[in-house]
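# Structure at a glance
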Amino acid sequence: MPKVAILMGSKSDFSIVQPAVESLKHFKIDYEVRIISAHRTPDIAKEFSQSAIDNGFEAIICAAGKAAHLAGVVAAYTTLPVIAIPILSSTFSGLDSLLSTVQMPSGVPVATVAVNGAENAAILAAQILGIKYPHIQKMLSTFKEEMKQKVVNDDILLNQELKNN
Ligand code: RP5
């Protein structure tokens, strides 16, 4: 069974992280959600990351705000792909979280999605797992086709409305 970890630095991140949970459910990926802080519970962050492969995880999503070091610390301790969601949680419009997440040194990559981009973090995790699990890849193809259809339909509807006004 494919399994992804969703870590967040604080309970206050959860409302932003929730779309990632919903998206993993959509792609029938098992998940575990944990509040683990790089700064407040560094020992737990280390322990979780070091044992993640043995515990059956295949990717780790990390959400954190402000001086957002969670994803970087997790990536330091695992060879699993780490996907980061910078959280908009301060007066700097999320730029602080984005930069402290994305500017990793060579050798320790973190795949960073947009500020508050929780859904994309889950979709990227699904795409990584899709390499191994054909049923996930199939669901992703359907997802993309549905997105395309929505845009095509919106285009038709908008032009009909404009014609009628
Ligand atoms: C970060 O600090 C957390 O990820 C959160 O985004 C931010 C604020 O945390 P709280 O003070 O609300 O717990 O570490």
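Nothing here was measured: the structure is a model prediction, and the numbers come from that model.

For the rest of this paragraph, the subject is the nonpolar core. Taken as a class, soluble globular proteins show a tendency for nonpolar side chains to be buried jointly. Judged by nonpolar contacts, the single largest core of 28 residues is most densely connected at V4, F27, I29, I61, I85 and I136. Mapped by element, the contributors of at least two residues to this core are strand 1 (3–8), helix 1 (14–26), strand 3 (59–65), strand 4 (82–87), helix 5 (118–130) and helix 6 (134–164). Other than its neighbours up to four places away in sequence, V4 contacts L24, I29, D30, Y31, E32, F57, A59, I61, A125 and L129. Listed in part, the 20 residues of the second largest apolar core include I36, A45, F48 and L80.

Turning next to the sheet that holds strand 1. Pairing is parallel in the open sheet, where five strands are placed in the order 2-1-3-4-5. Both edges of this open sheet fall to strand 2 (30–35) and strand 5 (111–112), since each of them pairs with a single strand only. The pairing of strand 4 with strand 5 spans two bridges and is classified as parallel. Within strand 5, the position partnered with I83 by the bridge is A111. Helix 4 (residues 95–102) contacts strand 3, strand 4 and strand 5 of the sheet and is inclined by roughly 160° relative to strand 4. Against the sheet, helix 5 engages strand 1, strand 3, strand 4 and strand 5, with an angle of about 175° to strand 4.

Around the ligand, the structure places G9, S10, S12, D13, R40, A64, G65 and S89. Between S10 and the ligand, the recorded distance is 2.6 Å, taken from a side-chain N or O atom to an oxygen atom. A distance of 2.5 Å separates an oxygen atom of the ligand from a polar side-chain atom of D13. With respect to the pocket detection grid, the ligand is positioned in the largest pocket.

A word on the layout of surface pockets. Reported here for the largest pocket is a volume of approximately 310 Å³. Around the largest pocket, the lining comprises 17 residues; the ones closest to its centre are G9, S10, R40, G65 and K66. Here the lining of the largest pocket is composed, by residue class, of six nonpolar, eight polar and three charged.

Moving on: helix 6. If you check helix 6, its first and last C-alpha atoms are 45 Å apart, about what 31 residues at 1.5 Å a residue would give, namely 45 Å. Within helix 6, burial applies to I136, M139, L140 and F143. Where the residues of helix 6 are buried, they touch helix 1 and helix 5.

Summarising burial for strand 3: seven of the seven residues are buried, a large majority. Side chains of strand 3 alternate between two faces, with A59, I61, A63 and G65 and I60, C62 and A64 buried alike. Bridging between strand 1 and strand 3 involves five bridges; their strand directions are parallel. Along strand 3, the bridge assignment pairs L7 with C62.

Here is what the cut-offs are and how they apply
- Residues numbered from 1 in each chain as written.
- Predicted model: local features only at pLDDT ≥ 70, side-chain atom pairs only at ≥ 80, totals over all residues.
- Heavy atoms only, no water.
- Core = buried A, V, L, I, M, F, W, Y, C linked by side-chain atoms within 4.5 Å.
- Buried < 20%, exposed > 50% of the residue type's maximum accessible area, 1.4 Å probe, protein only.
- Helix = DSSP H or I, 4+ residues; strand = E, 2+ residues; numbered from the N terminus.
- Contact = heavy atoms within 4.5 Å.
- Pairing = 2+ DSSP bridges.
- Axes fitted to C-alpha atoms, helices over the stretch in contact; angles between N-to-C directions.
- Near = heavy atom within 4 Å.
- Polar contact = N/O pair within 3.5 Å; in protein donor to acceptor, adjacent residues only side chain to side chain.
- 1 Å grid on protein atoms, 1.4 Å probe; cavity = no way out; pocket = protein on both sides within 12 Å on 5 of 7 lines; lining within 4 Å.
- Sits in = over half its atoms within 2 Å of the grid points.
- Points joined across faces, edges and corners; volume = space filled by probe spheres on them.
- Nonpolar A, V, L, I, M, F, W, Y, C, P; charged D, E, K, R; others polar.
- Expected span 1.5 Å × (residues − 1).

The values reported here are purely geometric and, on their own, carry no functional implication.
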